[in-house]
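Okay, here's what each chain looks like letter by letter:
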Amino acid sequence: MQAETSRRNFLRSVGVAGGAGVLYSTMGAMGLAPVPTATAAPYRAPSESDFNLAGRHGRKKVVILGAGVAGLAAAYELGKAGYDCRILEAKDRSGGRNWTARGGTSETDLDGRTQRARFSDGQYMNCGPGRLPQSHVTLDYCRELGVPLEAFVNANADAYIYHENVPALGGKPMRWRTAKADVYGHISELLAKATDQGALDAALTKDDKDRLIAFLQSFGAIKGKADGFKYTGGSRRGYTVEPGAAHEKGTVLGNVPSVSDVLASGVGQRFAFEFGYDQAMMMFQPVGGMDAIPKALERAVGRHRITYGAWATGVANVPGGVEVSWKDGRGREQVERADFCVVATPPQIAARLRHNLGDAVTSALKTPVPISVGKIGLEYRRRWWELDDHMYGGVVPTDLDLATLWFPSYGYQGRRGTVIGYYNFGAAADAYGKLTPEERTKRAVDQGAKVFGDRYRTELDASFSVAWHRTPGIEGGWVGWPNQDGPEYKLLNQPQGNVYFAGDWLSYVIAWQHGAFTSARKVVTEIHQRVMAA
């Protein structure tokens with residue numbers, strides 16, 4: 001208690017002598033407040049003690065536009081220090097693009113087409129984000145908020161690759177393990193031969209070459225020098241008959257394709273996916289659906305602090321703070337006064353707000369390009385991918401307009417299961433988005449049946465699709481910046497009077513919740529520093 005009293009007295013003395021700015025910097029040096037540094041310092045949330053230690057009283061009011069992950073996170077973090085936060089959300093739910101469809105979920109798109117999901121109990125589709133990398137701060141929030149996690153199978157050796165429009169090996173699904181064994185094997189054979197024949201003598205010593213060849217023999221399962229470093233297949237490719245009891249040694253998958261056919265098939269282009277920093281296993285998902293994250297944030301913020309069905313129409317800097325205008329469900333105009341406003345909507349939505357922030361802000365908000373993205377969930381009465389194919393989860397890439405198919409990472413060995421029948425972008429998403437929900441399902445099933453046969457059609461029980469670029473209040477899966485080093489990106493990452501912008505689109509982790517969380521943290525830190533230094 002004496003130490004605490006001494007510390008408070010010291011800080012009060014600093015405040016009297018140097019003012020609030022010097023006081024706050026001193027608190028930062030003592031580890032009591034966040035202070036910007038040249039390097040990315042660990043985030044420290046605002047706290048009630050920041051005000052107490054500074055001998056300050058009174059809390060500021062913040063209006064936040066959008067109850068997506070960025071808006072919820074901003075309210076959650078500011079709330080730790082007692083800020084009076086109010087969130088205005090146009091839709092009737094929290095989460096923004098973090099949206100999980102279940103039985104009874106209903107949505108009407110910009111074209112006036114209404115869908116109602118008929119998924120059975122326990123089945124769902126994550127319409128937006130569906131996987132969480134280990135390195136992302138999203139996992140920290142799951143821990144802090146008590147959101148249980150389970151593994152998400154991003155890469156599965158028993159999943160398939162399907163290429164139709166290729167010069168060789170097209171029109172038939174190939175197991176991921178088989179494709180990888182053939183690509184690695186043939187490339188290893190070529191590199192081992194080139195090394196042995198002196199092609200790399202200028203770059204490698206004799207010891208280097210010996211070590212490289214030893215690595216290639218292990219990496220590609222190739223023969224030794226006496227056999228010309230030949231790749232001949234093997235058990236890595238899989239079995240047509242599994243090894244079993246007694247004398248059943250198994251039958252290794254045969255018909256090893258030539259190196260020319262393997263290269264022409266293009267399957268090797270798919271492996272880079274596994275090495276992507278944000279895509280590498282292990283990956284995770286919340287138990288029961290991705291929307292467990294915004295639901296937990298909503299509970300932490302307080303449901304009473306969020307107004308749903310509130311369509312923001314304008315924001316303006318006014319003497320002493322900001323003024324936000326919005327329309328309620330009956331179309332009545334409302335006005336909200338606050339000290340600060342955080343605009344946490346997609347930029348294409350924010351660009352339509354009436355404001356007095358200047359033409360440069362409007363132009364900057366129109367600079368990032370919304371990306372068309374589509375998804376469909378297909379519920380099957382039988383988990384045929386497990387029963388028939390022994391495939392438990394995983395992503396199946398194709399060169400069809402489906403792009404990728406995702407097999408569920410939950411409900412293993414259950415009776416039913418829900419497959420993401422397409423997750424596509426750009427022109428393919430635009431094409432599906434123009435169709436009615438029924439037409440989307442038919443097209444997706446017809447294409448998917450090329451990969452998995454008629455069971456893909458006959459076992460289907462329910463479907464639900466989303467075209468993010470045709471979804472009110474969002475109008476895009478994410479955005480692409482022509483240049484994140486340009487003046488527009490820089491401008492929107494700076495406060496415009498008492499108005500701040502936040503979202504994954506103001507990060508270098510666009511389309512991930514990590515980007516939304518870190519952008520919100522940045523804005524929260526800036527507001528809190530400003531309040532403390534005032």
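Residues numbered from 1 in each chain as written. Predicted model: local features only at pLDDT ≥ 70, side-chain atom pairs only at ≥ 80, totals over all residues. Heavy atoms only, no water.

- As recorded by an unreviewed UniProt entry, the chain carries the name FAD-dependent oxidoreductase and is attributed to Yinghuangia soli.

## Overview of the sheet that holds strand β18 (residues 340–343)
- Pairing is parallel in the open sheet, where five strands are placed in the order β14-β2-β1-β18-β27. Every interior strand has two partners, whereas the edge strands, β14 (306–308) and β27 (499–501), have only one. Each neighbouring strand pair of the sheet contributes to a mean axis angle of 20°, computed without reference to strand direction.
- Of the strand pairs in this sheet, strand β1 (residues 61–65) and strand β2 (residues 84–89) are connected by five bridges, and their pairing is parallel. Its bridge partner being in β2, Lys61 is matched across the sheet by Asp84. (Pairing = 2+ DSSP bridges. Helix = DSSP H or I, 4+ residues; strand = E, 2+ residues; numbered from the N terminus. Axes fitted to C-alpha atoms, helices over the stretch in contact; angles between N-to-C directions.)

## Quick look at the packing of helix α5 (residues 176–196) against helix α6 (residues 206–220)
- It is at 9 Å that the axes of α5 and α6 come closest, and there the two elements cross at 160°. Judged on the interaxial angle alone, α6 and α5 are roughly antiparallel. When the axes of α5 and α6 are compared, the crossing they make is left-handed. Where α5 abuts α6, its residues Tyr184, Gly185, Ser188, Leu191, Ala192, Thr195 and Asp196 lie against Lys209, Leu212, Ile213, Leu216, Phe219 and Gly220.
- Of the residues assigned to the contact of α5 with α6, the class counts are seven nonpolar, four polar and two charged. (Parallel < 35°, antiparallel > 145°, perpendicular 65-115°, else oblique. Left-handed = near helix turned anticlockwise from the far one by under 90°. Contact = heavy atoms within 4.5 Å. Nonpolar A, V, L, I, M, F, W, Y, C, P; charged D, E, K, R; others polar.)

## Observations regarding the nonpolar core
- With 44 residues, the main nonpolar core has Val62, Ile64, Tyr83, Ile87, Ile293, Phe517 and Ile527 as its most contacted residues.
- At the level of elements, β1, α3 (69–79), β2, α4 (138–145), α9 (292–301), β14, β18 and α17 (513–533) are the ones that each hand at least two residues to this core.
- Within the second largest apolar cluster, 27 residues are counted, among which are Leu65, Val322, Ala338 and Trp481. (Core = buried A, V, L, I, M, F, W, Y, C linked by side-chain atoms within 4.5 Å. Buried < 20%, exposed > 50% of the residue type's maximum accessible area, 1.4 Å probe, protein only.)

## Overview of the pattern of salt bridges
- Counted by the stated rule, this structure contains 44 salt bridges.
- Measuring nitrogen to oxygen at the nearest pair gives 3.9 Å for the salt bridge that ties Arg440 to Asp109. Of the two residues, Arg440 is situated in helix α14 (residues 437–452) and Asp109 in the loop between β4 (106–108) and β5 (114–116); the sequence distance between them amounts to 331 residues. There is no split in this pair, since Arg440 and Asp109 are both buried.
- For Asp182, the salt bridge goes to Arg237, with nearest N and O atoms at 2.7 Å. Remark: Arg237 occurs in the loop between α6 and β11 (239–241) and Asp182 occurs in helix α5; sequence separation between them is 55 residues. Each member of the pair Asp182 and Arg237 is classed as buried.
- Here the salt bridges share partners, and the residues they tie into one network are Asp109, Asp111, Arg113, Arg440 and Arg470. (Salt bridge = Lys/Arg side-chain N within 4 Å of Asp/Glu carboxyl O.)

## Some words on the packing of α4 against α9
- Two numbers describe how α4 lies on α9: the axes approach to 10 Å, and their chain directions differ by 50°. One way to sum up the angle between α4 and α9 is to call them oblique. Considering how the two elements wind past one another, α4 and α9 form a crossing that is left-handed. Facing α4, whose interface residues are Thr138, Cys142 and Leu145, α9 presents Ile293, Ala296, Leu297 and Ala300.
- Looking at the contact of α4 with α9 residue by residue, the class counts come to six nonpolar, one polar and no charged.

## Structural notes on the UniProt feature "domain: Amine oxidase" (unreviewed entry) in the chain
- Here, the residues flagged by UniProt with the feature "domain: Amine oxidase" (unreviewed entry) are residues 69–527.
- Summarising residues 69–527: 31% helix, 23% strand, and an end-to-end C-alpha distance of 18 Å. (UniProt positions renumbered as here; feature names shortened; annotations may be inferred.)

## Section: the packing of aromatic side chains
- Across all of its chains, the model carries 32 aromatic pairs by this definition.
- Note on Trp176 and Phe273: the rings are 6.3 Å apart at their centroids and 70° apart in plane angle, and the pair reads as edge-to-face. Highlighted residues: Trp176 in helix α5 and Phe273 in helix α8 (residues 272–275), separated in sequence by 97 residues.
- Of the residues examined, Trp176 reaches a relative accessible area of 5% and is grouped as buried.
- Of the residues examined, Phe273 reaches a relative accessible area of 23% and is grouped as partly exposed.
- Taken together, a centroid distance of 5.3 Å and an interplanar angle of 90° make the contact between Trp406 and Tyr423 edge-to-face. Separated by 17 residues along the polypeptide, Trp406 in strand β23 (residues 404–407) and Tyr423 in strand β24 (residues 417–425) bring together distant segments of the chain. The exposure classification of Trp406 matches that of Tyr423, with both residues buried.
- In textbook terms, an aromatic cluster arises when at least three aromatic residues are bridged by ring pairs, as seen for Tyr160, Tyr380, Trp384, Trp385, Phe407, Phe452 and Tyr456.
- For the cation-ring pair, Arg59 lies above Phe51, with the distance from its terminal atom to the ring centre recorded as 4.1 Å.
- Over the aromatic face of Tyr432 sits the side chain of Arg443, whose NZ or CZ is 4.8 Å from the ring centroid. (Phe/Tyr/Trp six-rings, centres within 6.5 Å; stacked < 30°, edge-to-face > 60°. Lys NZ or Arg CZ within 6 Å of the ring centre and 35° of its normal.)

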